Amino acid sequence: MAKVARIHSASAKIMSFCAILASTGCAQLLSKWNLSIPEKLVVQERKQVEGTSRKPIIVVRWPAILDKKAHDSIVNIQYAYVKQVTGNDLRGIVDYTQLPELLPYATTFYAADLYFAIRRAYPEAIVLLEPTLLQGASRNRIIDRPLADISIPIDLVADITVDQSATHSALVSGAFYFSLRGSPGLSTNCGVYVAMEYNFPKGEEVNSSRCTSFSAHDTPFSMWWSGTSYRSDKWLLKISDALPASTSYTLRYPLLSEANHGAFSATVPPYVAQDRPASPAEAQNAPLQPYIENFGKTIALAAQFIPVSRENGKALAEYTAYFDKQLSDALRTGATLTTAEEVNLKFIRRILDSELLVRAKHDEEVARQISAGDFGQAFRDVRLQMYAEYGKKMQRTWTSVVGAVALHGALLENSKTPTALVGAENATVDQFNSELAAQGRDYYKSIAPMIAELDSAAVDVGNRLVTIRTNDQAALRAALVNVYKTNSVAEKPHPLEDGKQKVKKK
């Protein structure tokens, strides 16, 4: 099964190759892509719902790190997809082997763009970041594993992948993949609100028992389908090709590719030419890539009517389990809560509000650093260089992939982007999970070194001022669990019970 992200990178590459190779399959391949957003999917403005104080939790999820097996799988799938669509086997003709190295860097940069696009379109929303590790498995399967905690009751998960084109046009042309997911149990379309064309879930996945889950992460959908064949399964639920999004159907987004070049020259688009924030403090004002800006507005529209999951007891059960297993079980089964449990549930909601406050501040700083810190400035410099040198060095980079290697090296040198890839050689699940958590902390520290200034914070948890660590998710959660254990209300024993039932003598 072909992966959406692979599809774009392959097709965007072919867009560059068409002028040179005159491949007979180019027209067939390019016909599947859009170079602009269809008018029926363009969001003009978000109309605020009157009388609402909704603060939906929206997560931006993207592939931040690849392991070696995932890298190789992406290369294999790109070749397989191009051959299936065009009939041309480009192995030995076109070198795709360097291109997956660009994927996490470009996607990380544009994930920060999506963060700010959502914040602009829906200022009241709580926006969090969820970088993932892509881990290769057998038969070219790819598994994406979160580097951040996912137990918070999320309302929407916004997936983004930006796949690069040929080595000579990296960051000049590319493909943008989006999806939007919510709670399967709070919608009639299994929580898939937006999906890219040719990447819909299979019918048997949609009709599975997972559609009763309240976690947005349990939606039977992935940006990274497994296998090497083109995905053409029919979507069995209702589809719409026009706004708005809805809980009763899936909005079908077209395959979007950006191509700002011809055979021998490239034109710098306005958002690239004007995108020079002086510091992380100005990141929110930087121009946004048009596809991303529109998708941020689409998310804002959807967030106005999608149920806020943390207001639902069953949706809150997973988070509650960290603090009170008995209360979590009661929420999950829908049992009637005792007076003490009602009090403790209110306290857990306050704890969640405090955790969200800390997480939101932390992730905002990470997004600012990605966008306009060392990493973002290096990315912008290299992107402008690729535009400037497109025509001059095209033939040389075409044959030697110097462009891709130079880009990779520049980012590593200037941004201190993490190079350690975990998960490929781990012997045990426990070891892998431990290394994954450590890699998540290291990733944040390396991509956004200034978050060290947010090492601790004093937060108000139910009228109690508590100092907690903010740059270590496990330590943050442990501190909050301790707060709950210290301040939760215990059940009062029945008046006639004190270990044994007391019986009055007549």
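Numbering of residues begins from 1 in every chain and follows the order in which that chain's sequence is written. With the structure being a predicted model, the display of local features is reserved for residues of pLDDT at least 70 and the display and counting of side-chain atom pairs for 80 or more, all residues being used for whole-chain, interface and lining totals. No hydrogens and no water enter the side-chain calculation; it runs on all heavy atoms of the structure.

Q: Sorry if this is basic, but what is going on with the packing of aromatic side chains here?
A: The pairing test for Phe, Tyr and Trp rings, Trp by its six-membered ring, is centres within 6.5 Å, and the orientation test on the planes gives stacked under 30 degrees, edge-to-face over 60, and tilted for anything in between. Across all of its chains, the model carries 12 aromatic pairs by this definition. On the numbers, 5.9 Å between centres and 90 degrees between planes, the contact of Tyr110 with Phe379 is edge-to-face. With a gap of 269 residues between them, Tyr110 in helix H4 (residues 103-121) and Phe379 in helix H11 (residues 374-388) connect regions that are remote in the sequence. Residue Tyr110 shares its accessibility class with Phe379, and that shared class is buried. When the ring of Phe178 is compared with that of Phe295, the centres are 4.5 Å apart and the planes differ by 25 degrees; the resulting orientation is stacked. Placement of the pair is Phe178 in strand E5 (residues 173-181) and Phe295 in helix H7 (residues 290-303), with a sequence separation of 117 residues. Each member of the pair, Phe178 as well as Phe295, is classed as buried. An aromatic cluster is present here, built from Phe109, Tyr110, Phe176, Tyr291 and Phe379 joined pairwise through their rings. Two thresholds decide whether a charge sits over a ring: the Lys NZ or Arg CZ must be within 6 Å of the ring centre and within 35 degrees of the ring normal. Over the ring of Tyr322 we find Arg477, and its NZ or CZ is 4.4 Å from the ring centre. Helix and strand definitions here come from DSSP, where helices need a minimum of 4 consecutive H or I residues and strands a minimum of 2 consecutive E residues; each element is numbered from the N-terminal end. Whether a residue is buried, partly exposed or exposed follows from its accessible area with a 1.4 Å probe, protein chains only, as a fraction of its type maximum: under 20%, in between, or over 50%, in that order.

Q: How should I be thinking about the pattern of salt bridges in this particular structure?
A: When the charged atoms of two side chains lie near each other, side chains of opposite charge can form a pair. A side-chain nitrogen of Lys or Arg and a carboxyl oxygen of Asp or Glu constitute a salt bridge if their distance falls within 4 Å. The full count for this structure, using the stated rule, is 14 salt bridges. Across the pair Lys325 and Asp329 runs a salt bridge whose closest N-O atoms are separated by 3.0 Å. Here the residue Lys325 and the residue Asp329 both occupy positions in helix H9 (residues 325-333), the gap between them amounting to four residues, near one helical turn. Given a relative accessible area of 53%, Lys325 falls into the exposed group.

Q: How should I be thinking about the nonpolar core in this particular structure?
A: As a rule of thumb, soluble globular proteins bury nonpolar side chains together. Of all hydrophobic cores here, the largest spans 75 residues; its most connected members are Ile160 and Phe178. With 12 residues, the single largest contributor to this core is H4. Residue types Ala, Val, Leu, Ile, Met, Phe, Trp, Tyr and Cys, when buried and joined through side-chain atoms within 4.5 Å, form a set referred to as a nonpolar core. Counting residues in hydrophobic clusters, the runner-up holds 28 residues, among them Val59, Ile154, Leu316 and Phe347.

Q: In this structure, what is going on with the side chain of Asn189? I would like to understand it.
A: As for its placement among the helices and strands, Asn189 is situated in the loop between E5 and strand E6 (192-196). Contacts described as polar in this section are N or O atom pairs within 3.5 Å, which, within protein, must combine one atom able to donate a hydrogen with one able to accept it, while residues neighboring in sequence count only if both atoms come from side chains. At 2.6 Å, the side chain of Asn189 and the backbone oxygen of Val192 are in polar contact.

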